[in-house]
Amino acid sequence: MDKVIIAIDGFASTGKSTLAKKLSQHLGLPYVDSGALFRGITFWVLKNGWVSDDNLNELAIEKGLDNLNIFFDSVTNILSVNGIDVTEAIRSKEVSAQVSQIAKLSFVRSFLLNQQRQMSLRAGLVMDGRDIGTVVFPNADFKFFFTAKPEVRAQRRLEEMEASGHQANFADVLKNILDRDRIDSQRKISPLKKAADAIEINTSELSLEQAFDLLIAKINTK
Ligand code: CDP
């Protein structure tokens, strides 16, 4: 496919990234995980001590962005922050706990918006996130919106975290997912919501293969 843009949005842990990656490989398009970019900024903010539960140093973050270099490699899917590979580190509980607060900041979103749009120019792409079909690429060729029952999502995320060596328990993971859904849906700028022309996919009862077949069928029949 030539310069095609596919936007995949939806709630936390609905399988967006796994399916977006699989789709990109199938179609020969680059893949970009926009959530990884927000997580990367959050990791860098935490490292600099600019966020705690009751305090966010917005001024320091905004100034710091002038010197921040964040790069998602659409082939290897490695995320680098100022030249350091943070692909694993951005999946920590600490990052998950703060990312939605950081993603609310207008200057963080505009910093990433340019970068996200630039990434599509060379060859099109598959990008997953929260506002890809509504704000980043409102003219995307295909738009999908993923949902699933919270308990199913929490169980899948828990298994993913355990497999990659992160300690977690079901109740904490479920709470984090619901907290992020709420903050992401309620924020003023680019809230999580289904684009009017997006196709909704509920992955609660679907295996990875079934969800993938459904996406391909929708793409082929458009
Ligand atoms: O993988 P999961 O669905 O749990 O989340 P993610 O895609 O890694 O995104 C982490 C967080 O980044 C979200 O909860 C949002 O707060 C933020 N985000 C956003 O605001 N806009 C995007 N396009 C992507 C992520």
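Residues numbered from 1 in each chain as written. Predicted model: local features only at pLDDT ≥ 70, side-chain atom pairs only at ≥ 80, totals over all residues. Heavy atoms only, no water.

Draft legend 1. Highlighting the sheet that holds strand S5 (residues 70-72). Reading across from one edge, S5-S6-S7 is the order of the 3 strands in this open sheet, with antiparallel pairing throughout. Only two strands of the sheet have a single neighbouring strand rather than two, namely S5 and strand S7 (84-85). (Pairing = 2+ DSSP bridges. Helix = DSSP H or I, 4+ residues; strand = E, 2+ residues; numbered from the N terminus.)

Draft legend 2. Quick peek at the site of the ligand. Taken together, 20 residues lie near the ligand, and Arg39, Arg109, Asp131, Arg180 and Asp184 sit nearest. One nitrogen or oxygen atom from the side chain of aspartate 131 is found 2.8 Å from a nitrogen atom belonging to the ligand. For the ligand, whose accessible area on its own is 530 Å², the fraction buried by protein is 99%. At the level of secondary structure, the elements contributing two or more residues to the shell around the ligand comprise helix H2 (34-47), helix H4 (93-102) and helix H8 (170-186). A total of 4 residues in the shell around the ligand trace back to one element, the largest contributor, which is H2. The residue makeup of the shell around the ligand, split by class, is 5 nonpolar, 5 polar and 10 charged. (Near = heavy atom within 4 Å. Polar contact = N/O pair within 3.5 Å; in protein donor to acceptor, adjacent residues only side chain to side chain. Areas by Shrake-Rupley, 256 points an atom, 1.4 Å probe, with all protein chains shown as cover. Nonpolar A, V, L, I, M, F, W, Y, C, P; charged D, E, K, R; others polar.)

Draft legend 3. Spotlight on the sheet that holds strand S2 (residues 31-33). On the basis of which strands lie adjacent, the open sheet formed by 5 strands has the order S2-S8-S1-S9-S10 and parallel pairing. Two strands in the sheet have a free side with no partner beyond their single neighbour: S2 and strand S10 (199-202). Within this sheet the neighbouring strands show an average axis-to-axis angle of 20°, counted without direction. The sheet contact formed by S2 and strand S8 (residues 125-129) spans 3 bridges and is parallel. The residue of S8 that forms the bridge with tyrosine 31 is valine 126. Sheet strands touched by helix H1 (residues 16-27): strand S1 (5-10), S2, S8 and strand S9 (142-147). Its angle to S1, the strand with the most contacts, is close to 165°. (Axes fitted to C-alpha atoms, helices over the stretch in contact; angles between N-to-C directions. Contact = heavy atoms within 4.5 Å.)

Draft legend 4. The arrangement of the packing of aromatic side chains in detail. Tallied over the full model, the rule gives 3 aromatic pairs. Summarising the aromatic geometry, the rings of tryptophan 44 and tryptophan 50 are spaced 5.2 Å apart at their centres and angled 85° between planes, so their arrangement reads as edge-to-face. Its guanidinium or amino end placed over the ring of phenylalanine 212, lysine 22 lies 4.7 Å from that ring's centre, counting from NZ or CZ. (Phe/Tyr/Trp six-rings, centres within 6.5 Å; stacked < 30°, edge-to-face > 60°. Lys NZ or Arg CZ within 6 Å of the ring centre and 35° of its normal.)

Draft legend 5. Geometry of the nonpolar core. Of all hydrophobic cores here, the largest spans 54 residues; its most connected members are Ile6, Leu23, Ile41, Trp44, Ile61, Val108 and Phe144. Excluding its chain neighbours within four sequence positions, the residues that come into contact with valine 108 are Phe38, Ile41, Ile61, Leu65 and Ile102. Grouped together as the second largest cluster of nonpolar side chains are 7 residues, Ala12, Ala154, Met161 and Val173 included. (Core = buried A, V, L, I, M, F, W, Y, C linked by side-chain atoms within 4.5 Å. Buried < 20%, exposed > 50% of the residue type's maximum accessible area, 1.4 Å probe, protein only.)

Draft legend 6. Focus on the pairing of S8. Burial of S8 is extensive: 5 of the 5 residues sit out of reach of the surface. Here S8 shows no split at all, with Leu125, Met127 and Gly129 on one side and Val126 and Asp128 on the other all buried. Relative to S8, S1 is paired through 5 bridges, and the arrangement is parallel. Following the sheet pairing, isoleucine 6 is matched in S8 by valine 126.

Draft legend 7. Examining the packing of H2 against H4 more closely. Two elements in contact, H2 and H4, have axes whose closest approach is 9 Å; the angle formed by their N-to-C orientations is 105°. In this view, H2 runs roughly perpendicular relative to H4, as classed from their interaxial angle. The segment H2 lies against H4, with Phe38, Arg39, Ile41, Thr42, Phe43, Val45 and Leu46 engaging Glu94, Val95, Ser96, Gln98, Val99 and Ile102. Split into classes, the residues belonging to the contact of H2 with H4 amount to 8 nonpolar, 3 polar and 2 charged. (Parallel < 35°, antiparallel > 145°, perpendicular 65-115°, else oblique.)

Draft legend 8. Main features of H2. Here H2 spans 20 Å end to end across 14 residues, near enough to the 20 Å set by a 1.5 Å rise per residue. Counting buried residues in H2 gives 10 out of 14 residues, a clear majority hidden from the surface. For H2, the full list of buried residues reads Ser34, Ala36, Leu37, Phe38, Arg39, Gly40, Ile41, Thr42, Trp44 and Val45. Where H2 begins, the side chain of aspartate 33 points an oxygen toward the backbone nitrogen of glycine 35, at a separation of 3.1 Å. The first or second residue beyond H2 is glycine 49, which carries a positive phi of 70°. (Expected span 1.5 Å × (residues − 1).)

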